[in-house]
Amino acid sequence: MTETTLASAVAASSEAPVLSAPRARRLPNRKRSAALAAASALLLAAIVVAGLLLEPAAQATDFAAKNLAPSLAHPFGTDWMGRDMLCRTLAGLSTSVLVGLGAAVASSLIALALAAAAALGPRWADAAVSWLVDLMMGIPHIVLLILISFALGKGFWGVTIGVALTHWPSLTRVLRAEILQCKSAGYVAAAARLGQSPLAIAWRHMVPYVLPQFVVGLVLLFPHAILHEAAITFLGFGLPPEMPAIGIILSESMGYLSAGLWWLAVFPGAALVLVVMLFDAVGESLRKLVDPASAQD
């Protein structure tokens, strides 16, 4: 083979299409997902901290500066009592995030306990959990949430408990199916034949198998909890009027939109949508990182 033929063969081989990208080319996608999740989580944490620090300023009134349009001094404008809307919006978002966090964690733990009882317990436990899930999903969601919150006296804890007791059915179904799939796996049966106890099997095999779905489900419950907290507060069955909350801000602004005070509803509503999108970004990024089906994306 001549040198010219050899050089042509080497050039042709170098231009051949790559059927499988090397690991170095796939790694940045996972880094971007991790960076997006971390950045979104940090921004949410900053919103919560800023809202807690600005809560006294959100309550301060100045009737000499009421109904001011957005400006450099008041980026979100002021309301009919001269309160700075940026401070009130951040304080309201902080309250909503804390309610959503507490409710989502409690609801996820309820879902995990019921799913484990249904998948690992006797048949009557599975039937009871399935019936309870169908019952909860058959009742209008917002109506049940309002009834629970009203029965508990509304307020911060009433809303948090109400949201926690109404958001677990869907995650319970997902976790139950995952536990049943893991239970029927061959390596679980092999571990049982080797003499491992049920507790050891659950800790070594089932917990790592279910943990990714549990974490993603927990994160994705946050936006639902926040939106429902804002909804029932807007309807008057949630947080008290003296507490800065997005639902209260939007409810109070409805009476002033006809007077042209559009900033009272636009900026708080846009901020609520932004927080929900941040939670969704965290959940989607975590799903890409822990889901085996998308591990190579």
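Residues numbered from 1 in each chain as written. Predicted model: local features only at pLDDT ≥ 70, side-chain atom pairs only at ≥ 80, totals over all residues. Heavy atoms only, no water.

### Re the overall build of the chain
Helices and strands together make up the secondary structure of the chain, namely 12 helices and zero strands. Starting at the N terminus and ending at the C terminus, the chain contains elements arranged as α-α-α-α-α-α-α-α-α-α-α-α. When burial is assessed residue by residue, the chain has 39% of its 297 residues classed as buried. Expressed as a percentage of contacts within the chain between residues at least 6 apart in sequence, the contacts between residues at least 24 apart total 70%. For the chain, the exposed area adds up to about 16,000 Å²; of that, 70% sits on carbon and sulfur atoms. (Helix = DSSP H or I, 4+ residues; strand = E, 2+ residues; numbered from the N terminus. Buried < 20%, exposed > 50% of the residue type's maximum accessible area, 1.4 Å probe, protein only. Contact = heavy atoms within 4.5 Å. Areas by Shrake-Rupley, 256 points an atom, 1.4 Å probe, with all protein chains shown as cover.)

### Comments concerning empty space enclosed by the protein
For the structure shown, the criterion picks out one cavity of 30 Å³ or more. Its boundaries defined by the atoms lining it, the largest cavity holds a volume of some 30 Å³. Sorting elements by how many residues they give to the lining of the largest cavity places helix α11 (residues 246-253) first, with three residues. (1 Å grid on protein atoms, 1.4 Å probe; cavity = no way out; pocket = protein on both sides within 12 Å on 5 of 7 lines; lining within 4 Å. Points joined across faces, edges and corners; volume = space filled by probe spheres on them.)

### Describing the packing of aromatic side chains
Per the counting criterion, the structure on display carries six aromatic pairs. Seen from their ring centres, phenylalanine 222 and phenylalanine 279 are 4.9 Å apart, and the 75° between their planes marks the pair as edge-to-face. One end of the pair, phenylalanine 222, is in helix α10 (residues 198-234); the other, phenylalanine 279, is in helix α12 (residues 263-290), and 57 residues separate them in sequence. The two residues phenylalanine 222 and phenylalanine 279 agree in class, both being buried. The interplanar angle of 50° and the centroid separation of 5.7 Å between the aromatic rings of tryptophan 262 and phenylalanine 267 together place this pair among those described as tilted. The class for tryptophan 262 is partly exposed, based on a relative accessible area of 43%. Each residue in the set Phe76, Trp262, Trp263 and Phe267 is aromatic and connected to the rest through ring pairs, giving one cluster. Across the ring face of tryptophan 80, the terminal group of arginine 83 is positioned such that the distance to the ring centre comes to 5.8 Å. (Phe/Tyr/Trp six-rings, centres within 6.5 Å; stacked < 30°, edge-to-face > 60°. Lys NZ or Arg CZ within 6 Å of the ring centre and 35° of its normal.)

### Description of the layout of surface pockets
By volume, the largest pocket amounts to about 320 Å³. Together, 18 residues line the largest pocket, and His167, Pro169, Ser170, Leu171 and Leu221 are the ones closest to its centre. Only α5 (123-138), α6 (141-151), α8 (169-183) and α10 provide two or more residues apiece to the lining of the largest pocket. Considering each element in turn, the lining of the largest pocket owes the most residues, seven residues, to α10. Here the residues of the lining of the largest pocket are counted per class, giving 10 nonpolar, eight polar and no charged. (Nonpolar A, V, L, I, M, F, W, Y, C, P; charged D, E, K, R; others polar.)

### Notes on the side chain of histidine 167
Mapped onto the secondary structure, histidine 167 falls in the loop between α7 (155-164) and α8. Here histidine 228 takes part through its side chain, which lies 3.1 Å from a polar atom of the side chain of histidine 167. With near-sequence residues (within four places) excluded, histidine 167 lies in contact with Ser107, His141, Leu221, His224, Ala225 and His228. (Polar contact = N/O pair within 3.5 Å; in protein donor to acceptor, adjacent residues only side chain to side chain.)

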